[in-house]
Amino acid sequence: MALQQPLRVGIMGFGQIGRQLYELASRSDDIEVVAIADIGQPDILHYLLCSEVREPERHRLDGNFLVNPRFRARLMRTDTPAEMPWDIFAVDIVIDATGKFRQRQFMEEHLANGAPRVLLRTLPADHIDRIIMPGINGQAAQRDDRMVSAGSATTTALCLLLHALSRDFEIECGSMTTIHSYTSDQVLQDYAGSDFRRSRSAAENIIPNSHEAADWLGHVLPAFAGKIITAALNVPIHEGCLLDVNLVLADSAVTAGDINEAMRRHAPSYPGIVAVVEDPIVSSDVIGNPHSLLFDCKGTIKAGAHTVKALGWYETLGHAGRLLDVARIYGALDRQGEVAQ
């Protein structure tokens, strides 16, 4: 029997998540990154990659190729999806890790240039075929999906928390605030931008921000459509984020201990995706953790008869792992379709 061919992945955007995708793929046995589109110089991209990984000696630059013990990835200096010739690399899927090209028109440009399927690392800006979150609705993926999103790190963490707790408790409504590390689109010094608060220094301020998770929750968890409001506070740390969730429960008899016990019981049914921590951790303890949700038992508090506060930690590495999981889901669907023909 012939060995299964690795999934051929193209990456657009070699920022933090793009580099995490590449590093995770280099340690897998079923995914190869064959091309990377980014405006950066190859030697600088290689330098940034090596500054972050555990074993930088595994990665070398060979001309315009990033090389590791498993595969070679061609570096292409391109600025937009319309410029990237995915067809010459025979990719199975393109992961747009830029966070910028969220509109349908840009995804269509990827497709027009030879990408059979495009996966956003962010929430979309308008209608696409599907939002898929492993552990929640992976079974909803269809082989004819072409424009797909894996949500965002924050949205995934929230959806996992709601999905797990709703297995035991009726949740009437709630709110979520993510205490989020600053992002690459924020300024380090005060500088006039399109938004008043985001024009202030990310290195010196806690900056209130909006978050789109509430607008898309119903696409993943229909029972929560219109029931959860979401917001963000960007804070002056580089990595590590905290999910602060307040839930109104129908049953006043539910205790904080009941919530913790439910998460302990259900976490194993999300292997590699959800974990529970009993220690009094802080944000730096989460750096390098591959889970999409690390539930904090010490943070669970009950207020009044029906309201429970719950905390969960995460960082972008977990989201990079879920992006590759979504790619695997569609790769498996494609192979099944080929066998059936």
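One can find the structure itself at the top, above this paragraph.
The rules we used
- The residue count restarts for each chain, going from 1 along the sequence in the order it is written.
- Residue-level local features of this predicted model are given only where pLDDT is at least 70; pairs of side-chain atoms are given and counted only at 80 or more, and the full residue set underlies all totals for whole chains, interfaces and linings.
- As a rule here, side-chain values come from all non-hydrogen atoms in the structure, and water together with hydrogens is ignored.
- To sort residues, take the accessible area from a 1.4 Å probe on protein chains only and compare it with the maximum for the residue type: under 20% means buried, over 50% means exposed, and anything in between is partly exposed.
- Every helix listed is a DSSP run of H or I at least four residues long, and every strand listed is a run of E at least two residues long, numbered separately from the N terminus.
- Pairing between two strands requires that DSSP report at least two bridges joining them.
- Structural elements are reduced to axes, namely lines fitted to C-alpha atoms, with helices fitted over the stretch in contact, and the angle between N-to-C directions of any two is expressed from 0 to 180 degrees.
- Each angle gets one of four labels, with under 35 degrees taken as roughly parallel, over 145 as roughly antiparallel, 65 to 115 as roughly perpendicular, and the rest as oblique.
- Crossings are sorted by hand: turned counterclockwise from the far helix by less than a right angle, the near helix makes the crossing left-handed, and turned clockwise it makes it right-handed.
- Contacts were defined at the residue level, with two residues in contact if any of their heavy atoms lie within 4.5 Å.
- Here the nonpolar group is Ala, Val, Leu, Ile, Met, Phe, Trp, Tyr, Cys and Pro; Asp, Glu, Lys and Arg are the charged ones; every other residue, Gly included, is treated as polar.
- For this analysis, a polar contact is any N or O atom pair within 3.5 Å, provided that within protein one partner can donate a hydrogen and the other can accept it, and provided that sequence-adjacent residues contribute only side-chain to side-chain pairs.
- Points on a 1 Å grid, built from protein atoms alone, make a cavity when a 1.4 Å probe fits but cannot get out and make a pocket when they are open with protein on both sides within 12 Å along at least 5 of 7 lines; residues with an atom within 4 Å of a point are the lining residues.
- Grid points are joined across faces, edges and corners, and a volume is the space filled by probe spheres set on the points.

Asks: Would you mind showing me how to read the pairing of strand 13 (residues 241-249) here?
Replies: Along any regular strand the residues' side chains alternate between the sheet's two faces. Counting buried positions over the nine residues of strand 13 gives seven, a clear majority of the element. With eight bridges joining them, strand 10 (residues 171-181) and strand 13 adopt antiparallel strand pairing. Pairing of glycine 174 across the sheet is with leucine 247, part of strand 13. In terms of strand pairing, strand 13 meets strand 16 (residues 307-314) through eight bridges, oriented antiparallel. If you follow valine 245 over to strand 16, its bridge partner there is alanine 310.

Asks: Would you mind going over the packing of helix 4 (residues 153-165) against helix 5 (residues 213-220) with me for this structure?
Replies: A pair of packed helices can be characterised by two numbers: the angle between their axes and the separation between those axes. Running from N to C, helix 4 and helix 5 point in directions that differ by 50°, and their axes come no closer than 11 Å. Judged on the interaxial angle alone, helix 5 and helix 4 are oblique. When you trace helix 4 past helix 5, the crossing you get is right-handed. On helix 5, the residues touching Thr155, Leu158, Cys159 and Leu162 of helix 4 are Ala213, Leu217 and Val220. Looking at the contact of helix 4 with helix 5 residue by residue, the class counts come to six nonpolar, one polar and no charged.

Asks: Is there a simple way to explain the sheet that holds strand 1 (residues 7-12) in this structure?
Replies: Across a sheet, strands are paired by hydrogen bonds formed along the backbone, either parallel or antiparallel in direction. With respect to topology, nine strands assemble into an open sheet ordered 3-4-5-2-1-6-7-9-8, the strand pairing being mixed. Where the open sheet ends on each side, the last strands, each with one partner, are strand 3 (60-62) and strand 8 (130-131). Here three bridges tie strand 3 to strand 4 (residues 65-67), and the two strands are oriented antiparallel to one another. When the bridges of strand 4 are listed, leucine 61 appears paired with leucine 66. In the packing of helix 2 (residues 42-52) onto the sheet, contacts are made with strand 3, strand 4 and strand 5 (72-76), and the angle to strand 3 comes to roughly 165°.

Asks: What exactly am I supposed to notice about the side chain of glutamine 20 here?
Replies: For glutamine 20, the location among the structural elements is in helix 1 (residues 16-26). At 3.0 Å, the side chain of glutamine 20 forms a polar contact with the side chain of threonine 316. With sequence-adjacent residues up to four places away left out, glutamine 20 is seen in contact with Glu239, Glu315, Thr316, Leu317 and Ala320.

Asks: Can you help me understand the packing of helix 4 against helix 6 (residues 256-266) in this one?
Replies: Contact pair helix 4 / helix 6: the axes reach a minimum separation of 9 Å and the direction vectors enclose 100°. For the element pair helix 4 / helix 6, the angle class is roughly perpendicular. Here Leu161, Ala164 and Leu165 of helix 4 lie close against helix 6, whose contacting residues are Ile259, Ala262, Met263 and His266. Partitioning the contact of helix 4 with helix 6 into residue classes produces six nonpolar, one polar and no charged.

Asks: Explain the environment of serine 201 here, please?
Replies: Following the sequence through the fold, serine 201 ends up in the loop between strand 10 and strand 11 (207-210). Residues serine 201 and isoleucine 287, 86 residues apart in the sequence, show an inter-C-alpha distance of 23 Å. Non-local contacts of serine 201, meaning those with residues more than four positions away in its chain, are made with Val187, Leu188, Gln189, Asp190 and Ile207. Polar contacts involving the side chain of serine 201 include one to the main-chain amide nitrogen of alanine 203, which spans 3.2 Å.

Asks: Would you mind showing me how to read the side chain of arginine 322 here?
Replies: Looking at the secondary structure, you find arginine 322 in helix 7 (residues 316-340). Judged by relative accessible area, which is 8%, arginine 322 ranks as buried. There is a polar contact of 3.0 Å between the side chain of arginine 322 and the side chain of aspartate 325. Among residues more than four places away in sequence, those in contact with arginine 322 are Pro134, Gly272, Ile273, Pro290, His291 and Ser292.

Asks: Explanation requested: the layout of surface pockets in the structure shown.
Replies: Unoccupied space between atoms shows up once a probe the size of one water molecule is rolled over them. Roughly 380 Å³ of internal volume is contained in the second largest pocket. Taken together, 15 residues line the second largest pocket, and the ones lying closest to its centre are Gln20, Glu52, Val53, Gly288 and Leu317.

Asks: I keep staring at the sheet that holds strand 16 and nothing clicks. Help me out?
Replies: Strand order across the open sheet formed by seven strands is 11-12-10-13-16-15-14, with mixed pairing between neighbours. If you trace the sheet from one side to the other, it starts and ends with strand 11 and strand 14 (274-277), each paired once. Adjacent strand axes in the sheet meet at a mean angle of 25°, parallel and antiparallel pairs treated alike. Helix-sheet contacts for helix 5 involve strand 10 and strand 12 (228-235), and the interaxial angle to strand 12 is about 130°. The sheet strands contacting helix 6 are strand 13, strand 14, strand 15 (293-303) and strand 16, and the helix crosses strand 15 at an angle near 165°.

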